[in-house]
Amino acid sequence: MILVTGATGFVGKKLMDCMENVVAAPSLREASVDDLKRILDKNDIDTIIHTAAVSDIPTCAANPEVSYRANVVLPVNLVKAAEGRKLICFSSDQVYSDCKEEGPYTEAMVNPGNLYAEQKLEMENRVLDIDSNAVMLRAEWMYDYIAPKPNFYLNMIHADGEVSIGFQQYRGVTYLQEVVENMEQVCNLPGGAYNFGSETNQSMQELTGEFLAFLGKDLPLKDLGERHNLWMDCSKAKAGGVVFSDTLEGLKRCAKDQKIV
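An account of the accompanying structure is given in this report. (Residues numbered from 1 in each chain as written. Predicted model: local features only at pLDDT ≥ 70, side-chain atom pairs only at ≥ 80, totals over all residues. Heavy atoms only, no water.)

### Observations concerning the pattern of salt bridges
Pairing between side chains becomes possible if they bear opposite charge and their charged atoms approach one another. Definition in use: Basic side-chain nitrogens of Lys or Arg form a salt bridge, by our definition, when they fall within 4 Å of a carboxyl oxygen of Asp or Glu. Runs of E in the DSSP output that reach at least two residues are strands. Runs of H or I that reach at least four are helices, and both are numbered from the N terminus.
Within the structure shown, the criterion is met by 14 salt bridges. Here R38 and D35 are joined by a salt bridge, their closest N and O atoms 2.5 Å apart. Here the residue R38 and the residue D35 both occupy positions in helix α2 (residues 33–42), the gap between them amounting to 3 residues, near one helical turn. Taken together, the shared-partner salt bridges connect E178, E181, R253 and D257 into one network.

### A word on the state of the cysteines
For clarity, the cut-off: The disulfide criterion used throughout: a pair of cysteine sulfur atoms within 2.5 Å. Working definition: with a 1.4 Å probe on protein chains only, accessible area under 20% of the residue-type maximum means buried, over 50% means exposed, and in between means partly exposed.
Taken as a whole and judged by the stated rule, the model has 0 disulfides. Residue C60 stays outside any disulfide, its sulfur separated by 16 Å from that of C89, the closest cysteine. On the basis of relative accessible area, C60 is assigned to the buried category, the value being 0%. This cysteine, C234, is not joined by any disulfide, and C99 carries the nearest cysteine sulfur, 14 Å off.

### Here we look at the pairing of strand β3 (residues 47–50)
This is how it is decided: Paired strands, in this sense, are two strands between which DSSP finds at least two bridges.
Burial along β3 is two-sided: T47 and I49 and I48 and H50, pointing in opposite directions, are all buried. Taken together, the 4 bridges between strand β1 (residues 2–5) and β3 define a ladder with parallel strand orientation. Following the sheet pairing, V4 is matched in β3 by I49. Bridge analysis of β3 against strand β4 (residues 86–92) gives 4 bridges, and the strand direction is parallel. Looking at the pairing, T47 lines up with K86 of β4.

### Concerning the nonpolar core
Going by this rule: Buried Ala, Val, Leu, Ile, Met, Phe, Trp, Tyr and Cys residues that are joined via side-chain atoms within 4.5 Å together make up what is termed a nonpolar core. We call two residues in contact whenever any of their non-hydrogen atoms come within 4.5 Å of each other.
If you look at the biggest cluster of nonpolar residues, it comprises 25 residues, and the most contacted ones within it are F90, M183, V186 and F196. Of all the secondary-structure elements, those providing two or more residues to this core are β1, α1 (10–18), β4, β5 (135–139), α7 (176–181), α8 (183–187) and β9 (192–196). When near neighbours in sequence (up to four residues on either side) are disregarded, M183 contacts L15, M19, I49, I88, F90 and F196.

### What to know about unusual backbone geometry
Of the consecutive residues G103 and P104, the connecting peptide bond is found in the cis state with omega at 0°. With respect to the element layout, P104 can be found in the loop between β4 and α5 (115–130). Although it is not a glycine, N21 adopts a positive phi angle of roughly 60°. Along the chain, N21 turns up in the loop between α1 and β2 (22–24).

### A short note on the sheet that holds β4
Note on sheets: strands pair through backbone hydrogen bonds, and any given pair is parallel or antiparallel. Basically, it comes down to this: A fitted line through C-alpha atoms serves as each axis, taken over the contacting stretch for helices, and the angle formed by two N-to-C directions is quoted from 0 to 180°.
In spatial order, the strands read β2-β1-β3-β4-β5-β9; together these 6 strands make up an open sheet with parallel pairing. What marks the edges here is a single partner per strand, and that holds for β2 and β9. Across the sheet, the mean angle separating the axes of adjacent strands is 25° when strand polarity is ignored. With 3 bridges joining them, β1 and β2 adopt parallel strand pairing. Counterpart to V4 in the pairing with β2 is A24.

Below, the structure is given as structure tokens:
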């Protein structure tokens with residue numbers, strides 16, 4: 001049985017809707033290690049997928065103690081309670097947010113540039129120090145055609161005028177359905193940190209222009225100026241059987257699944 005934390009969130013809800021043998025964790029905001037052990041034992045859990053987080057960067061900066069509890073203390077308590085169970089934690093591509101290299105970034109090239117990224121990297125290191133078999137997924141910006149807040153895909157679907165992007169930025173964005181489809185392979189990965197999502201060799205200008213054309217839209221693009229790359233090399237996860245469409249093909253697949261093309 002699989003325990004999913006953050007089961008009402010964007011990623012967690014999708015996992016609950018699409019995976020079998022899953023149990024939603026209750027609110028764990030104040031849960032102790034002993035509380036977590038009781039939850040795991042009661043539900044006969046053998047795998048934990050931890051998606052719960054305070055992921056909004058300004059919110060983390062404004063509420064550092066609350067975000068630290070959610071982003072660091074909770075997953076550390078989870079790994080202490082896991083006692084040999086497989087733990088999979090969603091981390092973030094933000095751990096590359098202040099890298100000086102252009103990319104694409106391998107797992108060793110971290111340099112967090114904001115508090116959220118610092119907390120995620122601390123979480124990775126502390127969890128792996130306790131259990132080297134835990135898996136850290138450095139997830140990209142994800143999208144779906146049903147989502148509680150704007151994302152790249154929905155921005156393009158609803159665009160009817162000038163589209164603003166960083167022309168020279170490189171970053172992957174990932175279809176949430178493909179995240180779900182890869183979770184079985186993720187559960188079999190050896191412990192460690194993995195770049196997780198769709199790869200790309202296109203700038204955001206190229207990517208946006210091609211996807212808008214695919215949607216039948218001829219819209220002007222505005223350059224927002226320099227934007228830091230969040231451009232990952234996902235070959236480590238790919239070698240473990242975790243395979244995504246490239247970014248453009250994932251976007252096209254999502255539009256076809258939504259039946260708008």
